[in-house]
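Residue strings, one per chain:
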Amino acid sequence: TAHPGKFEDVLARFRNHTVELFAKHGMVNLGYWVPMDDKDGATNKLIYVLAYPSLAARDAAWKAFGSDPEWQAAQKASETNGKLVERAEQWFLQATDYSPEIKPSGVATPRVFELRTYTASAGNLGNLNARFRDHTVALFQKHGITNIAYWTPAEKEKGAGETLVYLVAHPSREAAAAAFKEFGADPAWQKARKESEEKAGGSLTAPGGVKSVFLNATDFSPLR
């Protein structure tokens, strides 16, 4: 989250320095996005995903990045008129066993991304994952929703054991609304939902437990 008036400077620093330096130190740049709506941070928030072989490799990479003279020079030059970042939050995630391989396109396509976060009802994350694995992912594809990635928080992270985070893409927001409407009316989905909820004794998600944020990829995002 950028300080007021500093968001374009944050984006420029990532575009001109940070992304390349992350790669230099072994971090895999997957994607960089800006929320589409003001309520989600359209004017001050950058959301990005990096991948590492392990947490130990992650720690070593960030240590090397932080001490890199090129990064230190870029940071100093960009902050001549004050710091750019107000706060930074991180979340360690692990891919589910049904998450597709992320394949950065590197080429802009006419689509928007949607980051969805589900909080499972008590004891039902396993059942929620099973429904996605066995039904939802394929039905999304059937109705034109592109599956990008599915994650759960790592052990001891906020939401571990109860949260599913996933990223999908659509040709447009209008297409997203139409696709989810078709998906919801699909007899195969209705059957899968009914059977999974009967087995679990109720909804697999907690009340108010489905959150959605629409995103635009930045011009320097590998996944676009």
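Since this is a predicted model, take the numbers as computed values, not measurements. (Residues numbered from 1 in each chain as written. Predicted model: local features only at pLDDT ≥ 70, side-chain atom pairs only at ≥ 80, totals over all residues. Heavy atoms only, no water.)

K.L.:
Break down the overall build of the chain for me, citing the residues and quoting the values.
P.N.:
Counting its regular elements, the chain contains six helices and seven strands. When the helices and strands of the chain are listed from N to C terminus, the series reads α-β-β-α-α-β-β-α-β-β-α-α-β. For 224 residues, the compact-globule formula gives about 17 Å, and the C-alpha radius of gyration of the chain, at 19 Å, lands near that figure. Considering only C-alpha atoms, the chain reaches an extent of 60 × 35 × 30 Å along its principal axes. Each of the 224 residues in the chain was classed as buried or not, and the buried ones make up 42%. For the chain, long-range pairs separated by at least 24 residues make up 76% of all intrachain contacts whose partners lie at least 6 apart in sequence. Accessible surface, the chain: about 12100 Å² in total, of which carbon and sulfur atoms supply 53%. (Helix = DSSP H or I, 4+ residues; strand = E, 2+ residues; numbered from the N terminus. Rg over C-alpha atoms; globule rule 2.2 N^0.38 Å. Buried < 20%, exposed > 50% of the residue type's maximum accessible area, 1.4 Å probe, protein only. Contact = heavy atoms within 4.5 Å. Areas by Shrake-Rupley, 256 points an atom, 1.4 Å probe, with all protein chains shown as cover.)

K.L.:
Got a sec to walk through unusual backbone geometry? Specific residues and values, please.
P.N.:
Note: most residues except glycine have negative phi, and most peptide bonds are trans. Positive phi, close to 75°, is recorded for Lys 156, a residue that is not glycine. For Lys 156, the location among the structural elements is in the loop between β5 (146–153) and β6 (163–170).

K.L.:
Break down the packing of aromatic side chains for me, citing the residues and quoting the values.
P.N.:
One pass over the full model with this rule turns up 24 aromatic pairs. On the numbers, 6.5 Å between centres and 10° between planes, the contact of Phe 14 with Phe 220 is stacked. Taken together, the residues span a long stretch of sequence, with Phe 14 in helix α1 (residues 7–24) and Phe 220 in the segment after β7 (205–217) at a distance of 206 residues. When the ring of Phe 140 is compared with that of Phe 180, the centres are 5.5 Å apart and the planes differ by 80°; the resulting orientation is edge-to-face. Of this pair, Phe 140 sits in helix α4 (residues 125–142) while Phe 180 is found in helix α5 (residues 173–185), placing the two residues 40 residues apart along the sequence. Both residues of the pair, Phe 140 and Phe 180, belong to the buried class. (Phe/Tyr/Trp six-rings, centres within 6.5 Å; stacked < 30°, edge-to-face > 60°.)

K.L.:
If you had to explain the pairing of β5 to someone new, which residues and values would you point to?
P.N.:
Among the eight residues of β5, seven are classified as buried, and the element is accordingly described as predominantly covered. Relative to β6, β5 is paired through five bridges, and the arrangement is antiparallel. Residue pairing for β6: Asn 147 is matched across the bridge by Val 168. (Pairing = 2+ DSSP bridges.)

K.L.:
Which residues make up the pairing of β6, and what values do they have?
P.N.:
Where burial is concerned, most of β6 is hidden: eight out of the eight residues are buried. Residues Thr 163, Val 165, Leu 167 and Ala 169 line one face of β6 and the alternating positions Leu 164, Tyr 166, Val 168 and His 170 line the opposite face, and both faces are buried. Inspection of the sheet shows strand β4 (residues 112–120) paired to β6 by eight bridges, in the antiparallel sense. What sits directly across from Thr 117, in β6, is Val 165.

K.L.:
Account for the packing of α5 against helix α6 (residues 187–200), with residues named and values stated.
P.N.:
Two numbers describe how α5 lies on α6: the axes approach to 5 Å, and their chain directions differ by 65°. Contacts from Phe 183, Gly 184 and Ala 185 in α5 reach Pro 187, Trp 189 and Gln 190 in α6. Looking at the contact of α5 with α6 residue by residue, the class counts come to four nonpolar, two polar and no charged. (Axes fitted to C-alpha atoms, helices over the stretch in contact; angles between N-to-C directions. Nonpolar A, V, L, I, M, F, W, Y, C, P; charged D, E, K, R; others polar.)

K.L.:
Break down the sheet that holds strand β1 (residues 28–35) for me, with residues and values.
P.N.:
The strand order β2-β1-β7-β4-β6-β5-β3 describes an open sheet built from seven strands, whose pairing is antiparallel. In this open sheet, the two edge strands, each paired with only one partner strand, are β2 (47–51) and β3 (93–95). Within this sheet the neighbouring strands show an average axis-to-axis angle of 35°, counted without direction. Packing against the sheet, α1 makes contact with β1 and β2, and its axis sits at approximately 170° to β1.

Purely geometric stuff here, so don't read any function into it on its own.
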